[in-house]
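Listed here are the chains, written in short residue letters.
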Amino acid sequence: MYDATWLLRLHARRRLVHLARMDPGDAQRAVLSSLITRARSTKFGRDHGFSPGWSLEEFRSRVLLRNFDAYWQAYWREPFPGLIDCTWPGSIPWFAVSSGTATGTTKYIPVSREMRRSNVRAGADLLAFHLASRPQSRLLAGRVFMLGGSTGLVRHAPGVHSGDLSGIAAATMPVWARLRYFPPRDLEGIADWEQKIDRFAQHSLDADIRAVAGTPSWLLIFFERLAKVAGAAGGGRTSRIADIYPNLELLAHGGVAWAPYRDRFNELLEGSRAETREVYAASEGFFAIADGPDGDGLRLLLDTGIFYEFVPLDQLDSANPDCRWVGDVEPGVNYALAVSTCAGLWRYLVGDTVTVVDRSPPRVLVTGRTSYMLSAFGEHVIGIEVEQAVTEAAREINATVTDFAAGSVFPEKTGTRGGHLYIVEFGPQGTGEGLDAEQRMRFARRLDAALCDLNDDYAAHRADGYGLDAARVDILAPGGFAAWMKSRGKLGGQNKVPRIINDPELLSGLRTFADAYNLTRD
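Because the structure is predicted, anything quoted here is derived from the model rather than measured.

**A word on the packing of aromatic side chains**
In step 1: Throughout the structure, instances matching the rule amount to 31 aromatic pairs.
In step 2: When the ring of F481 is compared with that of W484, the centres are 6.3 Å apart and the planes differ by 75°; the resulting orientation is edge-to-face. Taken as a pair, F481 and W484 lie in helix α17 (residues 480-487) at a separation of 3 residues, close to a single helical turn.
In step 3: Judged by its relative accessible area of 1%, F481 falls in the buried class.
In step 4: The buried category is assigned to W484, whose relative accessible area is 3%.

This is the structure we're talking about:
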């Protein structure tokens with residue numbers, strides 16, 4: 001295959017120089033002004049009196065913070081699927097179907113042509129950052145493997161379709177990109193996820209894979225399947241990713257926190273030249289990319305048609321919250337993220353929480369979801385603390401975690417206390433069958449201790465068993481979470497195991513499924 005990396009290298013050099021010179025505040029002011037100007041003749045713009053000369057303060061005073069449900073009821077539900085000059089000028093050709101991880105409710109997120117171009121620009125920035133760290137890269141001498149969701153789109157009206165964001169991207173991909181894209185269209189169309197990854201694995205053995213992108217949980221399942229397929233294929237192949245994809249340079253991941261998976265992927269990629277790079281891409285837009293080492297935060301994309309605001313989490317229900325933007329956001333504070341975008345989202349609460357770790361340029365860490373908090377007893381444990389505690393507990397017993405979910409369990413009778421329940425599936429070197437009683441106890445003990453170290457409220461509630469029992473851990477046999485997701489019709493692609501489950505029925509359903517699944521493995 002012709003190596004087109006030199007063209008990418010030229011683009012990367014220009015783009016990186018531009019980014020180095022960019023003033024964050026100026027870039028974001030320009031984005032907001034452009035968005036308001038473009039949308040002033042829409043229904044939303046007329047309702048709010050959009051004026052091109054608005055300051056940020058005027059914009060905030062006229063436009064309220066809203067979530068999806070508020071937009072759906074007020075602006076999108078009645079004209080759906082024909083959103084024409086509604087909250088964005090022109091017609092909306094695509095809707096990204098959200099997996100509904102937190103609530104289970106399907107959401108149709110507008111994707112305009114401008115947002116599609118914004119996502120493409122963000123993808124180019126991802127490759128530019130990769131070339132900055134790998135100047136001798138030959139990334140485009142081979143294929144880029146996207147392990148996404150279903151590429152099938154649902155037709156709602158002439159020129160209006162919905163589906164997974166990865167399906168929208170595949171359907172609108174330019175010819176030059178398609179030539180370097182894996183998998184081929186005939187494999188993308190396979191509806192059954194398990195059959196699909198099996199076929200992906202088989203066909204990729206003969207492809208020159210240079211980059212892989214996807215959600216860590218599903219990438220892990222795919223890599224484990226790939227190793228089995230490669231071993232069965234023979235021909236001198238081993239089960240190491242470094243031998244199966246010898247030219248792999250980049251593994252891009254996002255969608256769920258990386259920390260619980262880091263150790264397992266380090267094992268899988270041992271001997272490989274691949275670097276891992278995190279992205280923050282949502283149905284609402286492509287927000288940020290790691291431009292430096294793992295753990296240094298994700299650099300916000302400031303000039304791709306998205307304006308960012310940060311709402312202090314403890315003021316989320318306030319009538320007049322002290323919202324911040326890149327010009328005055330404070331590092332270390334837990335914020336709910338709100339965006340205004342070139343798809344007609346205005347001060348839209350994404351549902352994610354972030355902290356800013358650097359202001360020049362702005363970099364963020366995703367700390368969880370606004371609904372992802374364990375606080376049934378007033379302990380206020382957030383998603384990133386749960387992720388870190390599970391990671392530390394796994395290292396305590398030298399195990400890796402494939403997936404997990406946590407929820408609150410309440411006292412079953414007078415005089416007893418409630419607490420947190422963690423349902424955990426361990427990796428191949430720490431399967432349920434392989435953990436003895438002592439290891440399980442150490443895992444649970446370290447998990448509880450880590451939460452006490454990370455969260456003062458949790459520690460206070462745990463002091464002398466004052467308000468909470470110690471964290472309880474149930475082990476789910478290998479393959480359990482994938483089987484549970486399949487039973488819910490949410491296997492593969494952009495569907496994600498909910499890390500924190502606040503819905504009692506959903507948690508009860510998982511516990512019942514886990515008991516039954518474990519029995520079949522005994």
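**Focus on the pattern of salt bridges**
In step 1: Per the stated rule, a full pass over the model turns up 32 salt bridges.
In step 2: Put simply, R15 and D125 hold a salt bridge, and the shortest N to O gap is 2.8 Å. Placement of R15 in helix α1 (residues 5-21) and of D125 in helix α6 (residues 113-133) is noted, with a sequence separation of 110 residues between them.
In step 3: The partner of D453 in a salt bridge is R446, and the shortest N-O contact between them spans 3.9 Å.
In step 4: Overall, the relative accessible area of 59% leaves D453 in the exposed class.
In step 5: Since its relative accessible area comes to 23%, R446 is described here as partly exposed.
In step 6: Ionic contacts of the salt-bridge type, sharing partners, join the residues R15, R121, D125 and D303 into one network.

**Looking at the sheet that holds strand β21 (residues 500-501)**
In step 1: Strand order in the open sheet formed by 4 strands is β20-β19-β18-β21, and the pairing between neighbours is mixed. The open sheet has two edge strands with one neighbour each: β20 (472-475) and β21.
In step 2: Relative to β21, strand β18 (residues 401-409) is paired through 2 bridges, and the arrangement is parallel. Residue A406 lies in a different strand from β21, and its bridge partner there is I500.
In step 3: Those strands touched by helix α14 (residues 383-396) are β18, β19 (419-426) and β21, and its axis lies near 125° from that of β18.

Basis of the calculations
- Residues numbered from 1 in each chain as written.
- Predicted model: local features only at pLDDT ≥ 70, side-chain atom pairs only at ≥ 80, totals over all residues.
- Heavy atoms only, no water.
- Phe/Tyr/Trp six-rings, centres within 6.5 Å; stacked < 30°, edge-to-face > 60°.
- Helix = DSSP H or I, 4+ residues; strand = E, 2+ residues; numbered from the N terminus.
- Buried < 20%, exposed > 50% of the residue type's maximum accessible area, 1.4 Å probe, protein only.
- Salt bridge = Lys/Arg side-chain N within 4 Å of Asp/Glu carboxyl O.
- Pairing = 2+ DSSP bridges.
- Contact = heavy atoms within 4.5 Å.
- Axes fitted to C-alpha atoms, helices over the stretch in contact; angles between N-to-C directions.

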